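# Secondary and tertiary structure notes
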Amino acid sequence: VSFLGNGPSGICLSYLLSGYIPYFKRDSLHPHPILQRKLEESPDVSILDQDLEYLSEGLEGRSHSPVALLFDTLQRPDTDFGGTAESVLTWWHETDRAIPHLVLGRNAPGGAWHSIEGSMVTLSRGEWMGLPDLLFKDWLKQKKRGLRNNRATAEDIAQYYQHYVMKKGLQKNFRCGTVVTSVRKVSAESISNHAQKGLQENSDSLWNSNEKSTEVFQVEGFFKTIKGDKEPFSICAENVVLATGTYDRPTWLGVKGENLSYVHHQLSALEEAVKNNSIGIMSDAVLIVGAGLTAADAILFAHHSNIPVIHVFRRRVSDPGLIFNQLPKTMYPEYHKVYQMMKEQPAACAGPYECYVSLPEHHVLSFSKDKKCILQDKNGCQKVYKISMALVLTGSNPNLFFLPNNGIDLAVDSDQPVNPKRNPIDVDPFTYECTQEKGLYALGPLAGDNFVRFVQGGALAVASSLLKK
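Within any chain, residue numbers begin from 1 and follow the written order of that chain's sequence. Predicted model: local features are reported for residues with pLDDT of at least 70 only, side-chain atom pairs are reported and counted for 80 or more only, and whole-chain, interface and lining totals are derived from all residues. Where side-chain values are given, they derive from all heavy atoms of the structure, hydrogens and water being excluded.

If you check an unreviewed UniProt entry, the protein chain appears there as Oxidative stress-induced growth inhibitor 1 from Mesitornis unicolor. UniProt positions are given in the numbering used here, feature names are shortened, and annotations may be inferred rather than shown by experiment. The annotation that UniProt attaches to the protein chain under Cofactor (unreviewed entry) is "NADPH". Taken verbatim from the UniProt record of the protein chain, the Sequence similarities (unreviewed entry) comment is "Belongs to the OKL38 family."

Turning our eyes to something else, we now look at the pattern of salt bridges. Salt bridges, as used here, are contacts in which a Lys or Arg side-chain nitrogen is within 4 Å of a carboxyl oxygen on Asp or Glu. Scanning the entire structure with this criterion turns up 13 salt bridges. In this structure, Asp 72 engages Arg 453 in a salt bridge whose closest nitrogen and oxygen atoms are separated by 2.6 Å. Of this pair, Asp 72 sits in helix H4 (residues 66-75) while Arg 453 sits in helix H11 (residues 452-468), placing them 381 residues apart in sequence. Note on classification: 1.4 Å probe, protein chains only; a residue is buried when its accessible area is under 20% of the maximum for its type, exposed when over 50%, partly exposed between these limits. For Asp 72, a relative accessible area of 5% corresponds to the buried category. Under the DSSP-based scheme used, a helix requires at least four consecutive residues in state H or I and a strand at least two consecutive residues in state E, with every element numbered from the N terminus.

Only Phe, Tyr and Trp rings take part, Trp by its six-membered ring, and two of them pair if their centres are within 6.5 Å. Stacked means planes under 30 degrees apart, edge-to-face means over 60, and tilted covers everything else. Taken as a whole and judged by the stated rule, the model has 13 aromatic pairs. Centroid distance Tyr 15 to Tyr 20: 4.3 Å. Interplanar angle 15°. Geometry classified as stacked. When its relative accessible area of 0% is taken as the criterion, Tyr 15 is described as buried. Following the ring pairs from residue to residue traces out a cluster consisting of Tyr 15, Tyr 20, Phe 71, Trp 91, Phe 136, Trp 139, Tyr 160, Tyr 161 and Tyr 164. Stacked on the ring of Tyr 54, the Lys or Arg Lys 38 has its end atom at 4.8 Å from the ring centre. Note on criteria: charge over ring means Lys NZ or Arg CZ within 6 Å of the ring centre, with the direction from the centre no more than 35 degrees off the ring normal.

Two quantities define a packed helix pair, namely the angle between the helix axes and the distance between the axes. Interaxial angles span 0 to 180 degrees and are taken between N-to-C directions of axes, which are lines fitted to C-alpha atoms, for helices over the stretch in contact. Helix H10 (residues 333-344) packs onto helix H9 (residues 293-304) with a crossing angle of 85° between their chain directions and a minimal axis gap of 10 Å. Put simply, H9 runs roughly perpendicular to H10. Between H9 and H10, the contacting residues are Leu 293, Ala 296, Asp 297, Ile 299, Leu 300 and His 303 on the first element and Glu 334, Tyr 335, Lys 337, Val 338 and Met 341 on the second. Looking at side-chain class alone, the contact of H9 with H10 contains 7 nonpolar, 1 polar and 3 charged residues. The labels follow the angle: roughly parallel below 35 degrees, roughly antiparallel above 145, roughly perpendicular from 65 to 115, and oblique for the rest. The criterion used for residue contact is that any of the two residues' heavy atoms lie within 4.5 Å. In this classification, the charged set is Asp, Glu, Lys and Arg, the nonpolar set is Ala, Val, Leu, Ile, Met, Phe, Trp, Tyr, Cys and Pro, and all remaining amino acids, among them Gly, are polar.

Before going further, it helps to examine a negative patch on the surface. The grouping of Asp 51, Glu 53, Glu 57 and Asp 428 at the surface amounts to a negative patch. Take Asp 428: it is sitting in the loop between strand E20 (396-397) and strand E21 (440-442). Looking at Asp 428, the relative accessible area reads 30%, which means it is partly exposed. Put simply, a patch holds well-exposed residues, over 30% relative accessible area, that have no salt bridge, with like charges counted together within 9 Å and Val, Leu, Ile, Met, Phe, Trp or Tyr side chains within 5 Å. Accessibility throughout is a Shrake-Rupley quantity obtained with a 1.4 Å probe, and a residue counts as covered only by protein chains that appear here. By the counting scheme adopted, Arg and Lys are positive, Glu and Asp are negative, and His together with the chain ends is not counted. Taken as the charge location is NZ of Lys, CZ of Arg, CG of Asp or CD of Glu.

In this section: the sheet that holds strand E8 (residues 178-187). With antiparallel pairing, the 3 strands of this open sheet are ordered in space as E8-E9-E10. Looking at strand neighbours, the two that pair on one side only are E8 and strand E10 (230-237), the edges of this open sheet. Along the sheet, successive strands turn relative to each other by an average axial angle of 20°, direction set aside. Should DSSP find at least two bridges between two strands, the strands are regarded as paired. Bridging between strand E9 (residues 215-224) and E10 involves 8 bridges; their strand directions are antiparallel. Within E10, the position partnered with Phe 217 by the bridge is Ala 237.

Tracing the backbone through its elements, the reader meets Ser 465 in helix H11. A relative accessible area of 10% means that Ser 465 is categorised as buried. Ser 465 has contacts with Thr 431 and Tyr 441, leaving out every residue within four places of it along the chain.

On to the pairing of E8. The buried fraction of E8 is high, at 9 of 10 residues. Relative to E9, E8 runs antiparallel, the two sharing 9 bridges. Bridged to Lys 185 within E9 is Phe 217.

Moving on, we come to the nonpolar core. The criterion is simple. A nonpolar core is a set of buried Ala, Val, Leu, Ile, Met, Phe, Trp, Tyr and Cys residues joined through side-chain atoms within 4.5 Å. Counting residues in hydrophobic clusters, the biggest one holds 84 residues, and the most contacted among them are Leu 4, Leu 13, Tyr 161, Val 183, Val 240, Leu 242 and Ile 425. Per element, the largest residue contribution to this core is 9 residues, and it comes from H11. Residues in contact with Leu 13, not counting those within four places in the same chain, are Phe 3, Val 241, Leu 443, Ala 459, Val 462 and Ala 463. Judged by nonpolar contacts, the second largest core, of 34 residues, contains Leu 267, Ala 291, Phe 313 and Met 389.

In this section: the sheet that holds strand E7 (residues 174-176). The parallel open sheet is built from 5 strands, whose spatial order is E7-E4-E1-E11-E21. Looking along the sheet, the strands with just one partner apiece sit at the ends: E7 and E21. Within this sheet the neighbouring strands show an average axis-to-axis angle of 20°, counted without direction.

The phi torsion at Lys 371 lies on the positive side, around 65°, for a residue other than glycine. Among the structural elements, Lys 371 can be located in the loop between strand E17 (362-367) and strand E18 (372-377). Given a relative accessible area of 32%, Lys 371 falls into the partly exposed group. The phi angle at Asn 405 is positive, at roughly 55°, despite the residue not being glycine. As for its position among the elements, Asn 405 is in the loop between E20 and E21. For Asn 405, a relative accessible area of 44% corresponds to the partly exposed category.

Let us look at H9. To estimate the expected span of a helix, subtract one from its residue number and multiply by 1.5 Å. Over its 12 residues, H9 runs 16 Å from end to end, which matches the ideal 16 Å to within 8%, given 1.5 Å per residue. Of all the positions in H9, only Leu 293, Ala 295, Ala 296, Asp 297, Ala 298, Ile 299, Leu 300 and Ala 302 are classed as buried. The first or second residue beyond H9 is Asn 306, which carries a positive phi of 60°.

This is the structure:
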């Protein structure tokens, strides 16, 4: 098995495929009585070997995936009610059940968590960031630190994932500094016939099955060596797991001038500019576009650095779809501070917050070379602002360039690009195998699971499916 992506879902799957098998812990009591009864029916059969559809039936929670809810409630039985009940699972290392696999990733284990500003605080509670059989809070205690407001920093999370891989002895399966450029299905026969030649099939037929011969996936790409050279590789696998997340490709607005050097699509650009003193308290305002949590993080960062901000977003402030309306105030005070600013500081009137202007129901028309930006409101009225830099933070999309047709054929709506919220890859809910391509699996945001606590259920489903093959 080869899987692409070494973030939390890839690490969790590697743990399961390394022969670590979960069983129901005898004498433990789950608060869900029906699930408890089902678990007691076959205590000697591992969870991976049981019927996941039967076990997860009737479970409710914050995910649409039944298996995600199942694995989450087995590990954290009453966490949504503020409880601290222990996991009802016990783990056995059954080496004879391990499945050989390779985890390919660009960064160190932890994936995109290494690309996030280290001091950023997670949206999820700290204990929800943990992986099986190594509590995050226990690891944090060893470092003599606690959780701030029940939440953790991105730096802690990234270090914990690296520690997890070492502690569980998974590092032999990981190949970091790897870029995959192509995944395609080929006949095993053609691999042996043309091993050195590099295959040139027409991409239109790459997902088509060929009944005459056994088929495998050919995964090609390159390793980045310590010297910075690119060393090509080509491997074959009967099964491939896509777990590349969505951090790769920020969404663009598609407006004139968006490719100018002062227009950026990642928060790190603002952090870099402040660090280099290229913008400061006397600069023209920074334009921040977007109304999600990354935009809010940028506003908080600018606010703490006394950088003036013009904040543009399409929705009205009272829109129930805004993420701020879905977060409890006590747990997320800093995001509610941003929401308050958005409500109380429109451009038309002076408000209590210096260096910040909120422009709801506006959108960007264009950027010009002299750092002027034209905005338009809902009535078609246009305004010009002089800015020092622009940050377009309106989400990101997975970059599946290495798949035939960018993976569009695998999506729920095969006429539209893959999108974690609106158009994920179409998978079987109990195996996470792609409905359009047998042997290909998708995990995490690609399959519509966007929180670390829930991506692990997908790993359970994939491991269960592979062990039954």
